[in-house]
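Residue strings, one per chain:
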Amino acid sequence: VRAVTGDSIAQLKWPNDVYLSGRKAAGILIEAPPHRRDLLAIGIGINVSHGGDEAPEEIRNTATSLREATGQTVTRPHVLYEALRRIEQAIYLVVEHDPWLIDRANALHMLTGKSVQLKLPHETVTGRVLEIDPNGGLVLQTESGERRFRSGTVVAFDT
């Protein structure tokens, strides 16, 4: 997304969203099938060209597209090319255990220092976001101390 929009407006929201000027523009979902832990299914959605008035009413104020955020026409082939190119680079960094990805994620993370509510299967945890840890987990400072989470859904956060 940053390759298309420029380096100044895109931010990450743990665990899997990309925001442009405070509105969601992209998301990634990675799942390991329960019977095949050696495989990953990766789904990537990038809102390329819809306009705010074209979005469903319930997300008009929270979603955006690359075109809407930049004011420029963006082509799907260009976005796909950049996404695949960056994914390939990221795979090499992961294989090499290069800390650059986590460092970059922390630099772009919009929740660092903010109070959040994290919904888990059996509880909702409130805390202040400290960082994304080297394994991609979210580190929160809670009333009971520092806690790390590998999954969950941030359902509320300071803006």
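Notes on the structure in this doc start here. (Residues numbered from 1 in each chain as written. Predicted model: local features only at pLDDT ≥ 70, side-chain atom pairs only at ≥ 80, totals over all residues. Heavy atoms only, no water.)

**Looking at the pairing of strand β6 (residues 124-132)**
Sheet topology note: the strand β5 (residues 115-119)/β6 ladder contains five bridges and is antiparallel. Among the inter-strand pairings, K119 is bridged to a residue of β6, identified as T124. Following β5, the chain reverses through four residues before pairing antiparallel with β6. Bridging between β6 and strand β7 (residues 138-142) involves four bridges; their strand directions are antiparallel. Of the residues in β7, the one forming a bridge with V129 is L140. Hairpin geometry of β6 and β7 is characterised by an intervening segment of five residues between the two adjacent antiparallel strands and by a positive phi of about 90 degrees at G136. (Pairing = 2+ DSSP bridges. Helix = DSSP H or I, 4+ residues; strand = E, 2+ residues; numbered from the N terminus.)

**Considerations on a nonpolar patch on the surface**
On the surface, I28, I30, L40, I42, I44, L80, L84, I87, I91 and V95 cluster together into a nonpolar patch covering about 940 Å² of accessible area. Mapped onto the nonpolar patch, the elements with two or more residues apiece are β3 (23-31), β4 (41-46) and α3 (76-95). The topology assignment puts L40 in the loop between β3 and β4. (Patch = residues over 30% accessible without salt bridge, like charges linked within 9 Å, V, L, I, M, F, W, Y side chains within 5 Å. Areas by Shrake-Rupley, 256 points an atom, 1.4 Å probe, with all protein chains shown as cover. Salt bridge = Lys/Arg side-chain N within 4 Å of Asp/Glu carboxyl O.)

**As for helix α4 (residues 100-108)**
Residues three or four positions apart in an α-helix share a direction because the helix packs 3.6 residues into each turn. Turning to α4, its buried residues number three or more, namely I102, A105 and L108. When α4 is viewed along its axis, its buried side chains cluster within an angular range of 130 degrees and face the same direction. Looking at α4, the residues exposed on the side facing more than 90 degrees away from the buried face are D103 and A107. In this structure, the buried residues of α4 make contact with α1 (2-5), β1 (10-13) and β6. (Buried < 20%, exposed > 50% of the residue type's maximum accessible area, 1.4 Å probe, protein only. Arc of directions from axis to C-beta. Contact = heavy atoms within 4.5 Å.)

**So, the sheet that holds strand β8 (residues 145-149)**
Read across the open sheet, the five strands follow the order β8-β7-β6-β5-β9; overall the sheet is antiparallel. The strands lining the two open edges of the sheet, one partner per strand, are β8 and β9 (153-157). Across this sheet, the average inter-strand angle for adjacent strands is 45 degrees, counted without regard to direction. (Axes fitted to C-alpha atoms, helices over the stretch in contact; angles between N-to-C directions.)

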